[in-house]
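# Observations on the model geometry
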Amino acid sequence: KIFRHTIFARLGWWCRYFGLHRKLSKAITQLDKTEHLDAIICFLPHTFVAVMHAMPGMRERVIFSTHNSPKHDFGDNPKRYDQNRFDIYLRRRFLSSAKAIVILQEEFYDELGRYLPHPSKNLVTIPNALPNVWHKSPVNFQPRDKIILCVGRKAPQKNHLFLARC
């Protein structure tokens, strides 16, 4: 399904998101110069678009992690996220450029196939981690020398500390 967007949708999108893209681009570029980021993980559709749009030279390091049914994140549900047609177009367009797309359930694979030309190329299923898995896991996690930037909302249910420990 191809979305047609008008010049008004594009102008509305720029008015709403230009500041976010500029600030994010500056912050990520500065951090990359000092730390050399190995990956940038985006958890929300609008942060994914902002990073992909603002950082064209870093797209091969961007991982989009969608924790919702793809129809919610990519414009098929009018009650979720921005319904600006240009924003939906960019969300769908940038998917195939991401290094990887992480989904939580195998059932999302077919839904994402509607938006990707080659779904199996960069699609990874990682089940949602349980809050106490860190304490009960038989796996011995060792620190690594990779630096990963996580872009998303800071909330306890996101369990960013677990990501950092892995």
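Rules behind the numbers
Residues numbered from 1 in each chain as written. Predicted model: local features only at pLDDT ≥ 70, side-chain atom pairs only at ≥ 80, totals over all residues. Heavy atoms only, no water. Helix = DSSP H or I, 4+ residues; strand = E, 2+ residues; numbered from the N terminus. Buried < 20%, exposed > 50% of the residue type's maximum accessible area, 1.4 Å probe, protein only. Areas by Shrake-Rupley, 256 points an atom, 1.4 Å probe, with all protein chains shown as cover. Axes fitted to C-alpha atoms, helices over the stretch in contact; angles between N-to-C directions. Parallel < 35°, antiparallel > 145°, perpendicular 65-115°, else oblique. Left-handed = near helix turned anticlockwise from the far one by under 90°. Contact = heavy atoms within 4.5 Å. Nonpolar A, V, L, I, M, F, W, Y, C, P; charged D, E, K, R; others polar. Salt bridge = Lys/Arg side-chain N within 4 Å of Asp/Glu carboxyl O.

## With respect to the overall build of the protein
Counting its regular elements, the protein contains seven helices and five strands. Its helices and strands taken in sequence order, the protein reads α-β-α-β-α-α-β-α-β-α-β-α from the N to the C terminus. Residue burial in the protein is summarised as follows: out of 166 residues, 39% are buried. Carbon together with sulfur atoms contributes 56% to the accessible area of the protein, which is approximately 10300 Å² in total.

## Some words on the environment of Gln105
Here Gln105 is to be found in the loop between strand 3 (100-103) and helix 5 (108-113). Gln105 sits in the partly exposed class, given a relative accessible area of 37%.

## Digging into the packing of helix 2 (residues 45-54) against helix 4 (residues 85-95)
Across the interface, helix 2 lies against helix 4 with an axial gap of 10 Å and an inter-helix angle of 70 degrees. Our classification of the angle between helix 2 and helix 4 gives roughly perpendicular. At the point where helix 2 passes helix 4, the crossing takes the left-handed sense. The residues of helix 4 that touch helix 2, namely those facing Pro45, Phe48, Val49, Met52 and His53, are Asp87, Leu90, Arg91, Phe94 and Leu95. Of the residues assigned to the contact of helix 2 with helix 4, the class counts are seven nonpolar, one polar and two charged.

## Some words on unusual backbone geometry
Phi is positive for His36, close to 45 degrees, though the residue is something other than glycine. On the secondary structure map, His36 appears in the loop between helix 1 (7-35) and strand 1 (39-42).

## Digging into the pattern of salt bridges
Side chains carrying opposite charge are able to pair once their charged atoms draw close together. Tallied over the entire structure, the rule returns two salt bridges. Among the ionic pairs, Arg61 bridges to Asp32, the shortest N-O distance being 2.9 Å. Here Arg61, found in the loop between helix 2 and strand 2 (62-66), pairs with Asp32, found in helix 1; they are 29 residues apart in sequence, far enough to count as distant. Given the relative accessible area of 14%, Asp32 is considered buried. Note that Asp87 and Arg91 form a salt bridge whose closest N and O atoms lie 2.7 Å from each other. Residue Asp87 and its partner Arg91 are both found in helix 4; the two are separated by four residues, about one turn of the helix. Accessibility assignment for this pair places Asp87 and Arg91 in one class, buried.

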